[in-house]
Amino acid sequence: LCLMAAPGKVAAFRLPPLPTIGEIIRLFRLKALKQLSQNFLLDLRLTDKIVKQAGELKNAHVCEVGPGPGGITRSILSAGVEQLLLIEKDARFIPGLQMLSEAAPGKVHIVHGDILTYKMEKAFPKHLKKNWEDEPPNIHIIGNLPFSVSTPLIIKWLENVSKRDGPFIYGRTQMTLTFQKEVGERLAANPGSKQRSRLSIMAQHLCTVENCFVIPGQAFVPKPEVDVAVVHFTPLVQPKIQQPFELVEKVVQSVFQFRRKYCFRGIETLFPENGRLKRTEQLMMTANVDPTLRPFQLSMSQFRNLCNAYRKMCDEDPSLFVFNYREELRQKKMTRSLLESTGQPEQTEEENQL
């Protein structure tokens, strides 16, 4: 049966009648694997709500990460997208996704692969590229991510935003992703919030981050022990901190290493033991940051000042940037064990410095 569209109107895309997600799971004997932290979302009203957060998807090019049994996939296709790229690591889901692909001829491309290693630079047509300063391209990344992958993946993509490569070679590609509720709160946390963390700074200095809504755990099968947050990211035209990703990450990670203590305690770990106190004081004075503030109290501009001041010190002494505090601790521990095994008395800190 061929349904003709009314003159002058484009017929909206509609999927033909298909088995429900629950039926697909039974048909292909799919089971969520705990070791992959998989949880299925069966309620299509909720999948529609997730897809709605991505914005206008009519004629858009979308990459869905980890589609699983295809709940969100159906909602994306129903939004009238031009092309949908599905990247699924678990081969068990491929037959169910192929059924969806056949129901939307020419719209779906399925890749059996790992999103952490997949080259996103060639995922979309070249003509979709926009300048960074322009509006975001008509490209979206959507995914109900397994909890085990979500944090390393968003860090990887934030680094891509900083370098304008990967999926951001096309411009300021938008992302709508799920995280554990607590991680979602960290991503969007403001200064002073107890949820403020390394993730908050890394995400917010590069993107506008919107914690859209929370899905209760009981909506998933099997039910996770936590609720799930849907978070939307739009890369900023200008990052809040104009320094290389690796430098910002090192400073931010150091500051939050001792999140309950004063921020200077974390800053100290940027410097070798010899001259540590003097250099920490120098950095904090140059950055004009109160050393008795807790890490979660620091504003974005204070982090920017710290990164800029640290960059200046690294330019003057390049060995600073490669210094690794944990490696220093490991070496000290090995030396101490060696001294104890040979029966020699342990040296004092002053002797060590000499």
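Not measured: the values here are computed from a predicted model.

Student: I'm lost on unusual backbone geometry in this one. Help?
Tutor: The phi angle of most residues is negative, glycine excepted, and most peptide bonds adopt the trans form. Even without being glycine, R164 reaches a positive phi, approximately 55°. Within the secondary structure layout, R164 lies in the loop between α5 (147–163) and β6 (174–180). Unlike most non-glycine residues, N288 shows phi in positive territory, near 55°. When you line up the elements, N288 lands in the loop between α10 (276–287) and α11 (300–316).

Student: Would you mind showing me how to read the sheet that holds strand β5 (residues 139–143) here?
Tutor: Strand pairing within a sheet occurs via backbone hydrogen bonds; the two strands may be parallel or antiparallel. Taken together, the seven strands give an open sheet; going across it, the order is β4-β3-β2-β5-β6-β9-β7, and neighbouring strands pair in mixed fashion. The open sheet has two edge strands, β4 (108–112) and β7 (207–215), and neither has a second partner. Across the sheet, the mean angle separating the axes of adjacent strands is 20° when strand polarity is ignored. As defined by bridge partners, β7 adjoins strand β9 (residues 228–235) across eight bridges and the pair is classed as antiparallel. By the bridge assignment for β9, F213 is matched with V230. Packed onto the sheet, helix α4 (residues 94–103) meets β3 (83–88) and β4 and runs at close to 165° relative to β4. The strands touched by α5 are β2 (61–65), β5, β6, β7 and β9; relative to β6, the strand with the most contacts, the crossing angle is about 150°.

Student: Just to check I follow, could you spell out the pattern of salt bridges for this structure?
Tutor: When the charged atoms of two side chains with opposite charge come close together, those side chains can pair. The final tally for this structure, using the stated rule, is 14 salt bridges. Between K163 and E159 there is a salt bridge, and its shortest N-O distance comes to 2.7 Å. Taken together, the positions of K163 and E159, both in helix α5 and four residues apart, correspond to about one turn of that helix. A salt bridge links R198 to E249; the nearest nitrogen and oxygen atoms lie 3.2 Å apart. Of the two residues, R198 sits in helix α7 (residues 198–204) while E249 sits in helix α8 (residues 245–255), which places them 51 residues apart along the sequence. Overall, E249 belongs to the buried group, its relative accessible area being 17%. Taken together, the shared-partner salt bridges in this structure form one network comprising E159, K163 and E246.

Student: How should I be thinking about the UniProt feature "binding site: S-adenosyl-L-methionine" (unreviewed entry) in the protein in this particular structure?
Tutor: The UniProt record annotates "binding site: S-adenosyl-L-methionine" (unreviewed entry) at N39, L41, G66, E88, D114 and N144. Along the polypeptide, L41 turns up in strand β1 (residues 40–41). When sequence neighbours within four positions are dropped, the list of residues in contact with L41 reads L46, T47, I50, G71, I215, A219 and F220. Relative to the elements of secondary structure, N144 occurs in the loop between β5 and α5. Leave out the neighbours within four places in its chain, and N144 touches N39, V65, G66, I72, T178 and F220.

Rules used throughout
- Residues numbered from 1 in each chain as written.
- Predicted model: local features only at pLDDT ≥ 70, side-chain atom pairs only at ≥ 80, totals over all residues.
- Heavy atoms only, no water.
- Helix = DSSP H or I, 4+ residues; strand = E, 2+ residues; numbered from the N terminus.
- Pairing = 2+ DSSP bridges.
- Axes fitted to C-alpha atoms, helices over the stretch in contact; angles between N-to-C directions.
- Contact = heavy atoms within 4.5 Å.
- Salt bridge = Lys/Arg side-chain N within 4 Å of Asp/Glu carboxyl O.
- Buried < 20%, exposed > 50% of the residue type's maximum accessible area, 1.4 Å probe, protein only.
- UniProt positions renumbered as here; feature names shortened; annotations may be inferred.

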